[in-house]
Amino acid sequence: MAKTYNEKIIFGMSNIHVATVNEDGTFGVPVQILGGKAVEASFEASEKIVYADNKAVYNDKRITKGSGKVSVLGLTTDEKCLLAGTENMAGGLALNADMNAPSLALLFEQEKADGGKLLNVIYNVQFAIPAISAVTTEGEMSEQVSDLDFTCLPDLNKGFFFYTVDTTDAKADTEMVGKWFTEVQMPKKVVPAQSK
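Reading guide: rules and limits
- Residues numbered from 1 in each chain as written.
- Predicted model: local features only at pLDDT ≥ 70, side-chain atom pairs only at ≥ 80, totals over all residues.
- Heavy atoms only, no water.
- Helix = DSSP H or I, 4+ residues; strand = E, 2+ residues; numbered from the N terminus.
- Contact = heavy atoms within 4.5 Å.
- Polar contact = N/O pair within 3.5 Å; in protein donor to acceptor, adjacent residues only side chain to side chain.
- Pairing = 2+ DSSP bridges.
- Salt bridge = Lys/Arg side-chain N within 4 Å of Asp/Glu carboxyl O.
- 1 Å grid on protein atoms, 1.4 Å probe; cavity = no way out; pocket = protein on both sides within 12 Å on 5 of 7 lines; lining within 4 Å.
- Points joined across faces, edges and corners; volume = space filled by probe spheres on them.
- Nonpolar A, V, L, I, M, F, W, Y, C, P; charged D, E, K, R; others polar.

Draft legend 1. Structural detail: unusual backbone geometry. Despite not being glycine, N54 shows a phi value in the positive range, around 60°. Even without glycine at this site, A90 takes up a positive phi of about 55°. The residue A90 is located in the loop between helix 1 (77–84) and strand 5 (104–112) in this model.

Put into structure tokens, the structure is as follows:
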């Protein structure tokens with residue numbers, strides 16, 4: 001339970017990374033996408049209620065899929081190609097009918113008023129192919145923001161949709177926290193003994 005309000009105050013979002021998901025469910029090395037503006041995700045559930053003796057006696061509610069959006073301050077050609085699952089073709093992104101968006105892990109962090117962070121990973125997302133968007137400048141210049149919709153399914157090995165770690169939680173694994181943006185981390189029930 002919280003002992004101070006600062007433990008509960010969360011603000012900001014930064015450090016967006018994506019990592020490829022291999023066919024065997026393992027992950028590639030996370031790659032940073034600069035200019036994070038926002039991340040949101042929600043999850044849908046199926047529900048089966050069993051009735052007996054004129055009352056509900058059992059409820060089976062399971063998460064089936066998720067969806068969300070990432071907003072970033074534009075995308076480079078390499079970033080667009082990574083999200084679309086294609087290669088940079090002489091400095092450009094070429095879209096064809098055979099393209100299938102790759103499965104990626106999405107990582108990011110949020111700041112906490114107590115000096116900690118919430119580290120987040122969504123394990124198996126597929127982004128919509130980046131769109132073309134062009135807006136004329138009228139008077140004052142404003143930056144273009146790329147909004148990237150995604151869908152997500154559970155990870156291929158354990159069935160996890162996402163994992164969020166509070167770095168100030170007494171049970172947080174410091175080794176895992178230190179490697180958050182260099183290796184995709186999976187949930188652990190027990191933290192190994194940590195040297196002090």
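Draft legend 2. Examining the environment of N157 more closely. Tracing the sequence through the fold places N157 in the loop between strand 7 (146–152) and strand 8 (162–166). Along the chain, N157 and T26 lie 131 residues apart, while their C-alpha atoms are 8.2 Å from each other. Those residues in contact with N157 that lie beyond four places of it in its chain are D24, G25 and T26. A distance of 3.4 Å separates the side chain of N157 from the backbone oxygen of D24, its partner in a polar contact.

Draft legend 3. Representation of the pairing of strand 4 (residues 55–72) in the model. Strand direction decides the pairing type here: strand 3 (residues 36–52) and strand 4, joined by 16 bridges, are antiparallel. Within the sheet, the bridge partner assigned to V39 lies in strand 4 and is V70. Count of turn residues in the strand 3/strand 4 antiparallel hairpin: two residues, of which D53 carries a positive phi of about 50°. Where strand 4 lies against strand 7, seven bridges are found, and the strand directions are antiparallel. Considered in strand 7, the bridge of V72 is made with S146.

Draft legend 4. Representation of the pattern of salt bridges in the model. Applying the stated criterion to the full structure yields seven salt bridges. Between K112 and D114 there is a salt bridge, with its nearest N and O atoms 3.0 Å apart. For D173, the salt bridge goes to K188, with nearest N and O atoms at 2.8 Å. One end of the pair, D173, is in the loop between strand 8 and helix 2 (174–178); the other, K188, is in the segment after helix 2, with 15 residues separating them in the sequence. A cluster of three or more residues bridged by salt bridges with shared partners is formed by E109, E111 and K117.

Draft legend 5. Highlighting the layout of surface pockets. Each pocket or cavity is described by its volume, and for the largest pocket that value is around 420 Å³. Lining the largest pocket are 17 residues, and of these P130, A131, I132, S133 and S146 sit closest to its centre. The element best represented in the lining of the largest pocket is strand 7, accounting for four residues. Among the residues making up the lining of the largest pocket, the classes are represented as ten nonpolar, four polar and three charged.

Keep in mind that these numbers describe shape and distance, not what the molecule does.
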